[in-house]
Amino acid sequence: MSEIQLSVNLNKVALIRNSRGRNLPDLEKVAQDAVAFGADGITLHPRPDERHAKKADIYTLKHSLQVELNVEGYPSEEFLRMIEKVKPAQCTLVPDPPEALTSNAGWDTLKNKYLLLDIIQRIQSAGVRASIFVETNLDHIEAAREIGTDRIELYTEAYATEYANGNPDAVAPYARSAAFAHELGLGVNAGHDLNLDNLAHFAKEVPNLAEVSIGHALVCDALYYGLETTIKRYKECLAN
Ligand code: PXP
């Protein structure tokens with residue numbers, strides 16, 4: 001079985017940079033160092049107010065990175081135009097409104113089927129792999145396949161919360177959904193609130209995982225362990 005890829009979300013690094021208005025920390029350098037330390041890919045989620053990743057960061061990283069760039073976001077016309085222009089390796093669609101603090105739900109792919117059909121075709125026509133952020137609802141996953149996405153990303157906040165409450169069995173619906181998606185021919189990513197405590201169990205129990213996208217906890221851990229050790233620890237969680 002191929003290795004689960006770690007895509008490091010650097011939005012929080014951009015947030016620290018923006019708080020002072022200068023280029024410290026330098027996002028491009030942090031991204032390159034993260035890759036040198038073992039990150040398989042980099043994720044950015046530019047929001048319309050550019051409070052963390054800015055549109056310009058997407059262009060910079062696309063041109064300087066040798067690994068996959070995953071760009072997440074709500075598919076506004078402006079966002080889609082940027083995707084068509086930059087052509088990152090992967091575009092992950094999230095349904096959250098522009099003012100949301102962070103992603104807080106997966107797509108209802110049944111209700112939004114026709115909207116997403118057109119958008120996914122547009123993304124794929126640009127040569128970009130498409131992924132749709134979803135919860136574990138099997139009907140939503142089946143609809144995602146009908147929409148024609150290449151991958152789904154499972155929204156893992158509920159698992160993370162339950163795991164922290166002493167309920168590791170909360171991984172079961174994710175394992176079922178990942179197996180179902182794989183049977184349908186979809187690639188499976190996962191993300192949100194994954195951390196050094198809950199990641200190894202998730203990676204062990206959920207089959208067919210292609211990639212996890214991790215930001216907040218990883219950047220917090222880097223304050224204590226440094227970026228290199230932190231990334232190596234996350235990679236160990238995925239390898240076991
Ligand atoms: N996946 C998606 C779709 C997200 O919106 C986020 C947060 O930006 C993540 C993964 C990463 O979540 P976290 O920062 O909690 O690791």
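Residues numbered from 1 in each chain as written. Predicted model: local features only at pLDDT ≥ 70, side-chain atom pairs only at ≥ 80, totals over all residues. Heavy atoms only, no water.

Student: I tried to follow the overall build of the protein chain on my own but got confused; where do I start?
Tutor: A count of helices and strands for the protein chain gives eleven helices and eight strands. A compact globule built from 240 residues would reach a C-alpha radius of gyration of about 18 Å, and the protein chain, at 17 Å, matches this within 12%. Referenced to the eigenvectors of the C-alpha coordinate spread, the extents of the protein chain come out at roughly 45 × 40 × 30 Å. Within the protein chain, the proportion of its 240 residues that are buried is 50%. (Helix = DSSP H or I, 4+ residues; strand = E, 2+ residues; numbered from the N terminus. Rg over C-alpha atoms; globule rule 2.2 N^0.38 Å. Buried < 20%, exposed > 50% of the residue type's maximum accessible area, 1.4 Å probe, protein only.)

Student: I would appreciate a short explanation of a nonpolar patch on the surface in the present structure.
Tutor: There is a patch of nonpolar side chains on the surface, built from L223, Y224 and Y225 and spanning about 430 Å² of accessible area. Structurally, L223 can be placed in helix α10 (residues 216-225). On the basis of relative accessibility, which here comes to 71%, the residue L223 falls in the exposed class. (Patch = residues over 30% accessible without salt bridge, like charges linked within 9 Å, V, L, I, M, F, W, Y side chains within 5 Å. Areas by Shrake-Rupley, 256 points an atom, 1.4 Å probe, with all protein chains shown as cover. Salt bridge = Lys/Arg side-chain N within 4 Å of Asp/Glu carboxyl O.)

Student: Teacher, can you tell me more about the site of the ligand here?
Tutor: The environment of the ligand is made up of 15 residues, and the closest members are S103, E153, D193, G215 and H216. The side chain of E153 places a nitrogen or oxygen atom 2.5 Å from a nitrogen atom of the ligand. In the environment of the ligand, an oxygen atom lies 2.9 Å from a nitrogen or oxygen atom belonging to the backbone of H216. Here the ligand loses 94% of its free accessible area of 400 Å² to cover by the protein chains. (Near = heavy atom within 4 Å. Polar contact = N/O pair within 3.5 Å; in protein donor to acceptor, adjacent residues only side chain to side chain.)

Student: I would appreciate a short explanation of the sheet that holds strand β6 (residues 151-155) in the present structure.
Tutor: Pairing in this closed barrel of eight strands is parallel, and the strands run β1-β2-β3-β4-β5-β6-β7-β8 around the ring. Adjacent strand axes in the sheet meet at a mean angle of 25°, parallel and antiparallel pairs treated alike. Relative to strand β3 (residues 68-73), strand β2 (residues 41-44) is paired through four bridges, and the arrangement is parallel. Looking across to β3, one finds that L44 is bridged to V71. (Pairing = 2+ DSSP bridges. Axes fitted to C-alpha atoms, helices over the stretch in contact; angles between N-to-C directions.)

Student: Quick question: what am I supposed to make of the environment of A160 here?
Tutor: One can find A160 in helix α7 (residues 157-164). In this structure, the C-alpha to C-alpha distance between A160 and G41, residues 119 residues apart in sequence, is 22 Å. The contact partners of A160, leaving out residues within four places of it in the chain, are D193 and N198. (Contact = heavy atoms within 4.5 Å.)

Student: Is there a simple way to think about helix α5 (residues 113-125) in this case?
Tutor: What sets the pattern is the α-helix's 3.6 residues per turn: residues three or four places apart point alike. Taking 1.5 Å of rise per residue, 13 residues should cover 18 Å, and α5 covers 18 Å from first to last C-alpha, within 8% of that figure. Listed in full, the buried residues belonging to α5 are K113, L116, L117, I119, I120 and I123. Where the residues of α5 are buried, they touch α4 (77-86), β4 (90-93), β5 (129-134) and α6 (138-147). Positive phi shows up at G127, right after α5, with a value of about 80°. (Expected span 1.5 Å × (residues − 1).)

Student: Explanation requested: the packing of aromatic side chains in the structure shown.
Tutor: Given two aromatic rings, their pairing is described by the distance between the two centres and the angle made by the two planes. Scanning the model with the defined rule gives six aromatic pairs in all. Aromatic side chains Y74 and W107 sit 6.2 Å apart centroid to centroid with 20° between the ring planes, which places their arrangement in the stacked category. One end of the pair, Y74, is in the loop between β3 and α4; the other, W107, is in the loop between β4 and α5, with 33 residues separating them in the sequence. The class for Y74 is partly exposed, based on a relative accessible area of 38%. Assessed through its relative accessible area of 4%, W107 is described here as buried. With 5.7 Å between their ring centres and 50° between their planes, Y159 and Y163 make a pair best called tilted. With Y159 and Y163 both in helix α7, this residue pair falls four residues apart, about one helical turn. Assessed through its relative accessible area of 0%, Y159 is described here as buried. (Phe/Tyr/Trp six-rings, centres within 6.5 Å; stacked < 30°, edge-to-face > 60°.)

That is the geometry; function is a separate question.
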